[in-house]
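# An overview of the molecular structure
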Amino acid sequence: MGQLRVFAALLARDVRVARRELPFFLIRTAMQPILFVVVFGWVLPKMGFLQRGYGAALLPGILAISLALASVQAVALPMVVDFGWTREIEDRLLAPISIRLVALEKIVAGVLQGAIAAAFVLPIARLIMGPIDGLSLAHAGVILGVTLLGAAAFSGLGLLMGTGIKPEQVGMMFSVIVAPMIFFGCTYYPWQGLSVIPVMKYAVLVNPLVYVAEGMRAALTPTLPHMPLGYVLVALTALTLGFWVLGARTFEKRAIS
Amino acid sequence: MAVAAIRTRRLRKVYRTSGGAGTERPGDIVALEGLDLDVAPGEFFGLLGPNGAGKTTTLGILTTRVRPSGGEASVAGADVIRDQVGVKRRIGVVPQRPNPDRGLTVLENLLYHAAYFGIARKPALERAGRLLESIGIGDRASAKVDQLSGGQQQRLMIARALIHEPHVLFLDEPTVGLDPQARLALWEILRNLHAEGRTIVMTTHYMEEADRLCQRLAIVDRGRLLALDTPANLKARAPGGTLIELTLDGDASPAAAVAVGLPGILRAEAQRDVLRAYAERGGEAVSALVKVAEQAGRAVVNIHLAPPSLETLFLALTGRKLD
C-alpha cells in the first residue's frame, strides 16, 4: 500500500514534467511520421508514383513508429542524462520504494507518452492522407490493446538502452539501432508483402517494431493482409517481459554500486 | 535506551574492477576495510578524511546507494540490506553536487519530494514555505532551479532532505565549491538544525569545518578508522603541542638552531624569516623564544600562536596532508 502511494507520486511527477513539455514532445515525436505521411501518403500518390491503396499499408506503420519512438525516447533519454551526469534521478532512488518499482514507474510513464503520441498522430495522418480503404475504428479494444502492449515493449527497450548505453553513444544508438529498426520494421510495407524476399521475411522477425506495425494493421485495417493477431500479442508480451526483466536489472546496476 | 542513529560493524566495501562475482582479485579497490561506527540520536557526527578515504562510500552504504561487500550497518534501527525502504524512510540526504529536479520549480522540488514520502499536499505546502524561508530563498519558490546560485541550490537540497522530517540527515561534503559567505550561511543552518535536536552525519575534508561543527569526529583514511573522539580530545592528541610562529626581520635559521635546545620546545625550524617552534605548553615558551631571536640579532615583527589542530593530528596519523 505504502509503495503504491509512492509509485503514484513518482508518476505524478513525470506527468507534471511531461505536461509542461507537451508541445515540444508532440513536435519531437510527430514531426518525422507526419512528414513521411505528407510525402508518401499524399504527394507521391497524387503524382501517381504510388498506388492508391498504399495509404492503408502506411498508416498503421506510421502509428507504430510514433508509438515506439515516443516510448523509447521518453524512457531512454532522461535515463542516459540522469545516470550519465546530472544524477537528478537520485531523489527518486531515495524515495521510500524499491528500486525496481522506480524502474517500473519509468516504464509506465513511457507507455503513457507512447499512447499519447499514437493518439495525436492517427487523426492527423488520416486527415492528410484522405479516405483510406479498409480503415476501421470499430475494433477500439484491439487498437488500445496493441497500443499499450507495443508501448510497454518499447518503454522496456528504452529502459534497457537508457541504462546500458553511455551518454556519448546516444547518437550511435539512433543511427545504429533505431534507424534500421524503423526501416526493417514492416512500417512502410506490410510483412506479408515480404514473401517476395523470404530471407528478409523471417530475418525481420527479430525486430520488435514488426509486431507493433503488424498489430496496428490487424487492429486498424483488419480486412487487409497482416500477421495473425495472436502471434502479435504473444510476441509483444514476450518482448515486454524480456525487456522489463533485463532493463530492471541494468537499472539496478546503474542505481546501486 | 534509544536506538542508535547509526551502527556499523566490520563494514567492508570492495569495488570490483574485474567485474562480476567470485573471489576478489588484486586489481579490486578496497574502499572500506572493517569500519565500526556508532552514532547516537541527536549527535552531530563528522567523517573526516582525504579524498578516497572511504567517506563517500560509507555514506553511500548508509543511504542504501552502495551495496556493502561485508559486515552490517543500520540506520535508526533499519538494516541497510534487509530493509532498504525502511532506511530510506528514515533519512534525508544532501549530495556532494546539488542534483535538484530540473524539470520542476523550486517549490515543486519540495512538494513532489514530500509526496514521495506520503505527505499530504497541505502540510507539505506549509513545511515547504517554512523551509524555503529558513534557508533564505522564500522569494524564489516559483523560480526554475537553474536560476538559483550554487549556494542556493545546495540550500534547496537541504530543504528537500528535511521536508519529510528524517531521523538522520546525511551531508556529503556539503560546502565543496561554495564561496566563503555561502559556506558560513550553510554552517549556520546546520548549527540550527542540530540545536533543534536533529541527528546529522557529515563528511568533509575541511579540518576547520569538522572542528567547528561536529561533536564527534571519525578520522578515516584508506578505508580504515584512524581515530574517533571529540574534536577537542583529538586535538589534544595531536603531537607537537602548540605551534608558535615568530616572524623576524631577517633570516631565522640562527635563532632556530638555538631554540631547539630550549626546555619545553619539542621542535624548531626556520623557513626564511619565520621561526616555527612546537612547544609543550603554549604561552610559557613565547618569551624565551623572543629572547633567543633578539640574542641572534633579530627583531620580532609578528607572533602567531596556533593551538594543536586536527591538521597536525592528521599529519601524524597518516604521514600525509589532508588536501
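As the structure is a prediction and not an experimental result, all values here were calculated from the model. Numbering of residues starts from 1 in every chain and runs along the sequence as written. To read the labels, note that chains go from A and ligands from 1, taken in the order they are written. In view of the model being predicted, local features appear only for residues whose pLDDT reaches at least 70, and side-chain atom pairs are presented and counted only at 80 or more, with totals across whole chains, interfaces and linings using the full set of residues.

Looking now at the overall build of chain A. In terms of helices and strands, chain A carries 10 helices and 0 strands. Going from the N terminus to the C terminus, chain A shows its helices and strands as α-α-α-α-α-α-α-α-α-α. When we talk radius of gyration, it's over C-alpha atoms, and the globule rule is simply 2.2 Å times the number of residues to the 0.38. In terms of overall size, chain A behaves like a compact globule, its C-alpha atoms giving a radius of gyration of 19 Å where 257 residues would be expected to give roughly 18 Å. By principal-axis analysis of the C-alpha atoms, chain A measures approximately 60 × 40 × 35 Å. Contact criterion: two residues are in contact if their C-beta atoms, reconstructed from the backbone, are within 7 Å. In chain A, the share of contacts with a sequence separation of at least 24, taken over all contacts with a separation of at least 6, comes to 85%. Strands are runs of DSSP state E lasting at least 2 residues, helices are runs of H or I lasting at least 4, and numbering of each runs from the N terminus.

Our focus in this paragraph is the overall build of chain B. Counting secondary structure elements, chain B contains 11 helices and 14 strands. Dimensions of chain B, computed from C-alpha atoms along their principal axes, come out at roughly 75 × 55 × 40 Å. Per-residue burial for chain B yields a buried fraction of 45% across its 323 residues. Within chain B, residue pairs in contact and separated by at least 24 positions form 66% of the contacts whose partners lie at least 6 positions apart. With C-beta atoms placed from the backbone, a residue is buried if 20 or more other C-beta atoms are within 10 Å of its own, exposed if 12 or fewer are, and partly exposed between those counts.

Listed per partner, the contact involves 21 residues of chain A and 22 residues of chain B. Every element with two or more residues in the side of chain A that touches chain B is listed here: α1 (2–20) and α4 (90–93) of chain A. Considering every element that reaches the side of chain A that touches chain B, the biggest residue donor is α1(A), with 8 residues. Polar here means any residue outside two lists: the nonpolar Ala, Val, Leu, Ile, Met, Phe, Trp, Tyr, Cys and Pro, and the charged Asp, Glu, Lys and Arg; Gly therefore counts as polar. Of the residues that constitute the side of chain A that touches chain B, the class distribution is 11 nonpolar, 4 polar and 6 charged.

Residues and elements named next belong to chain B. Whether two strands pair comes down to DSSP finding at least two bridges between them. Strand order across the open sheet formed by 4 strands is β2-β1-β4-β5, with antiparallel pairing between neighbours. Taken across any chain shown, the strands that pair with only one partner, and hence form the sheet edges, are β2 (29–39) and β5 (78–79). By the bridge criterion, 5 bridges tie strand β1 (residues 6–15) to strand β4 (residues 70–75) in an arrangement that is antiparallel. The residue of β4 that forms the bridge with R7 is S74.

As a further point, take helix α3 (residues 54–86) of chain A. All names here are of chain A. Here, expected helix span is obtained from the residue count minus one, scaled by 1.5 Å. Taking 1.5 Å of rise per residue, 33 residues should cover 48 Å, and α3 covers 45 Å from first to last C-alpha, within 8% of that figure. Throughout, bend refers to the angle between the axes fitted to the seven residues that end at a position and the seven residues that start at it. Remark: the principal bend of α3, roughly 30°, maps to Q73. Burial analysis of α3 places 27 of its 33 residues in the buried class, the great majority of the element.

Residue and element names in this part refer to chain B. In this structure, H164 sits in the loop between α5 (150–162) and β7 (168–172). Sequence separation of H164 and A120 is 44 residues, and the distance between their C-alpha atoms is 11 Å. Not counting chain neighbours up to four residues away, the residues in contact with H164 comprise G92, A114, F117 and I119.

In this section: unusual backbone geometry. Residues and elements named next belong to chain B. One non-glycine residue, R10, lies in the positive phi region at around 50°. Summarising the element assignment, R10 is placed in strand β1. A residue is classified by how many C-beta atoms lie within 10 Å of it, and R10, with 14 of them, is partly exposed. Despite not being glycine, E173 shows a phi value in the positive range, around 45°. The exposure class of E173 is buried, given the 21 C-beta atoms found within 10 Å.

The next thing to look at is the pairing of β1(B). Here β1(B) runs beside β2(B); their pairing, made up of 8 bridges, is antiparallel. For B:T8, the partnering residue across the bridge sits in β2(B) and is B:L37.

All names here are of chain B. Inspection of the secondary structure puts G103 in the loop between β6 (91–94) and α3 (106–116). On the basis of neighbour counts, which here come to 19 C-beta atoms within 10 Å, the residue G103 falls in the partly exposed class. For the pair G103 and A4, spaced 99 residues apart in sequence, the C-alpha to C-alpha distance is 37 Å.

All names here are of chain B. Taken in spatial order, the 6 strands of this open sheet run β6-β7-β8-β3-β9-β10, and their pairing is mixed. Looking at strand neighbours, the two that pair on one side only are β6 and β10 (224–229), the edges of this open sheet. When strand polarity is set aside, the average angle formed by the axes of neighbouring strands in this sheet is 15°. Pairing of strand β3 (residues 44–48) with strand β8 (residues 199–204) involves 5 bridges; the strand directions are parallel. In the sheet register, L48 faces β8, and the bridge partner there is T204. Each axis is a line fitted through C-alpha atoms, taken for helices only over the stretch in contact, and angles between the N-to-C directions span 0 to 180 degrees. The strands touched by α5 within the sheet are β6 and β7, with β6 carrying the most contacts at an inclination of about 170°.

All names here are of chain A. Taken N-terminus to C-terminus, the directions of α3 and helix α6 (residues 140–164) make an angle of 30°; their axes are 7 Å apart at the nearest point. Comparing their axes, α6 and α3 come out roughly parallel. Here α3 and α6 pass one another in a crossing that is right-handed. Partitioning the contact of α3 with α6 into residue classes produces 16 nonpolar, 8 polar and no charged. Here the word oblique covers every angle except those under 35 degrees (roughly parallel), over 145 (roughly antiparallel) and from 65 to 115 (roughly perpendicular). In a left-handed crossing the near helix is turned counterclockwise from the far helix by less than a right angle, and in a right-handed crossing that turn is clockwise.

Our focus in this paragraph is the environment of B:S253. Within the secondary structure, B:S253 is located in helix α9 (residues 253–259). Each C-alpha atom of the pair B:S253 and B:E269 lies 7.4 Å from the other, and the pair is 16 residues apart in sequence.

What follows deals with helix α7 (residues 170–183) of chain A. Given 3.6 residues per turn, any residue in an α-helix points the same way as the ones three and four places further on. Residues and elements named next belong to chain A. Between its first and last C-alpha atoms α7 spans 19 Å; for 14 residues at 1.5 Å apiece the expected length is 20 Å, and the two agree. Buried within α7 are the following residues: V178, M181 and I182. Check the buried side of α7 and you find it contacts α3 and α9 (208–220).

All names here are of chain B. One way to put it is that α5 packs onto helix α6 (residues 180–195) with a least axis distance of 10 Å and a crossing angle of 15°. The angle between the axes of α5 and α6 places the two elements in the roughly parallel class. Two packed elements cross with a definite hand, and for α5 against α6 that hand is right-handed. Within the contact between the two elements, α5 uses G151, Q154, R155 and I158 and α6 uses A182, A185, L186 and I189.

The next subject is the confidence of the model for chain B. The pLDDT value tells you how sure the predictor is about a given residue, anywhere from 0 up to 100. Per-residue pLDDT for chain B averages 86, and the proportion of residues at 70 or more is 94%. Both confidence scores are given for the complex: pTM 0.82, ipTM 0.85.

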